[in-house]
There are 2 protein chains.
Amino acid sequence: MHIHHIAIAVKDLDESLAFYRDALGITVGERKEVLAEGVEIAFLPMGETELELLRPLDPENSIGRFLEKRGEGIHHICVAVEDIEAAVAKLEAAGARMAAEIRSHPDGTRYAFVHPKSSHGVLMELYQKPPEA
Amino acid sequence: MHIHHIAIAVKDLDESLAFYRDALGITVGERKEVLAEGVEIAFLPMGETELELLRPLDPENSIGRFLEKRGEGIHHICVAVEDIEAAVAKLEAAGARMAAEIRSHPDGTRYAFVHPKSSHGVLMELYQKPPEA
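Throughout what follows, the structure given in this document is the object of discussion. (Residues numbered from 1 in each chain as written. Chains lettered and ligands numbered in written order. Predicted model: local features only at pLDDT ≥ 70, side-chain atom pairs only at ≥ 80, totals over all residues. Heavy atoms only, no water.)

## Some thoughts on the packing of aromatic side chains
All names here are of chain A.
Part 1: Evaluated as defined, the whole model comprises four aromatic pairs over all chains.
Part 2: Look at phenylalanine 19 and tyrosine 20: their rings are 4.8 Å apart centre to centre, the planes differ by 90 degrees, and that puts the pair in the edge-to-face class. For the pair formed by phenylalanine 19 and tyrosine 20, the shared burial category is buried. (Phe/Tyr/Trp six-rings, centres within 6.5 Å; stacked < 30°, edge-to-face > 60°. Buried < 20%, exposed > 50% of the residue type's maximum accessible area, 1.4 Å probe, protein only.)

See the structure below:
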């Protein structure tokens, strides 16, 4: 297991990159709109983890509402697991509550979210990469 | 640069470990009281990053006040840098505000904190490991 990414909700990507890229010096790997998730994302790889800066495309979606309620900051962390079915089964057997059940991205990545009530205040994504082609 | 650790403020280490260690399956590397920082910490290494669960030893210290005000959750993330003097100088030249200037731990580690106003809502520690003996 390792930390796959740390997602940070921001209001403006250019202003955020002025800090993370220009002042802190992290290289931007990619920047794109992900319409299915309603966000524009700047991906900043840092070793085996990456920072993801998320700007909501719609103030009414989950990232938009997070910003409205909490302001900018860490939205979730994502843990890469080998077997997401087994990980979720083990969590649920231990009484943990999921915020979102297992779903798939178009590339075959599978993901789920643990409810912060169970993970002590941390919205935690679990992520299993697709099998190698 | 890489993410050195993610620090999570918690009320009770045993309850938190029931989730992070027992249900999620992360191995605990070490658990100790760090009196100089007023916390008991469980260190959970995950590849090149680690999760640190922080329990305040005093409800009036900074972690205790964070818990009182915000509840459990991510307190800060720490970025390992090669040259902390250069990193802080570059941040300050770009107009970023530090929450704490550069200090040293007894082991020679040097660290500083960027104010969340500058890092878009993320309390960010910078960390430079001591020179190899």
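## What to know about a positive patch on the surface
Part 1: A cluster of like positive charges, contributed by Lys69(A), Arg70(A), Lys69(B) and Arg70(B), occupies part of the molecular surface.
Part 2: Looking at the positive patch, the elements with two or more residues in it are α2 (62-70) of chain A together with α2 (62-70) of chain B.
Part 3: For Arg70(A), the position within the fold is in helix α2. (Patch = residues over 30% accessible without salt bridge, like charges linked within 9 Å, V, L, I, M, F, W, Y side chains within 5 Å. Areas by Shrake-Rupley, 256 points an atom, 1.4 Å probe, with all protein chains shown as cover. Salt bridge = Lys/Arg side-chain N within 4 Å of Asp/Glu carboxyl O. Lys, Arg positive; Asp, Glu negative; His and termini not counted. Charge placed at Lys NZ, Arg CZ, Asp CG, Glu CD. Helix = DSSP H or I, 4+ residues; strand = E, 2+ residues; numbered from the N terminus.)

## A word on the sheet that holds strand β7 (residues 110-114) of chain B
All names here are of chain B.
Part 1: Within the open sheet, the eight strands sit side by side as β2-β3-β4-β1-β5-β8-β7-β6. Their pairing is mixed. In the strand order of this sheet, the two ends are held by β2 (30-34) and β6 (98-104), each with one partner. Here the average twist between neighbouring strands, direction ignored, is 20 degrees.
Part 2: Examined bridge by bridge, β7 and strand β8 (residues 124-128) share five bridges and lie antiparallel to one another. Looking at the pairing, phenylalanine 113 lines up with glutamate 125 of β8. (Pairing = 2+ DSSP bridges. Axes fitted to C-alpha atoms, helices over the stretch in contact; angles between N-to-C directions.)

## Brief notes about the pattern of salt bridges
Part 1: This structure, assessed with the given rule, holds 12 salt bridges over all chains.
Part 2: As a salt-bridge pair, Glu85(A) and Arg110(A) come within 2.9 Å of each other at their nearest N and O atoms. With Glu85(A) in helix α3 (residues 84-93) and Arg110(A) in strand β7 (residues 110-114), this pair connects stretches of sequence that are 25 residues apart.
Part 3: A relative accessible area of 26% places Arg110(A) in the partly exposed class.
Part 4: Among the ionic pairs, Glu40(B) bridges to Arg55(B), the shortest N-O distance being 3.0 Å. You can see Glu40(B) sitting in strand β3 (residues 39-46) and its partner Arg55(B) sitting in strand β4 (residues 49-56), a full 15 residues away along the chain.

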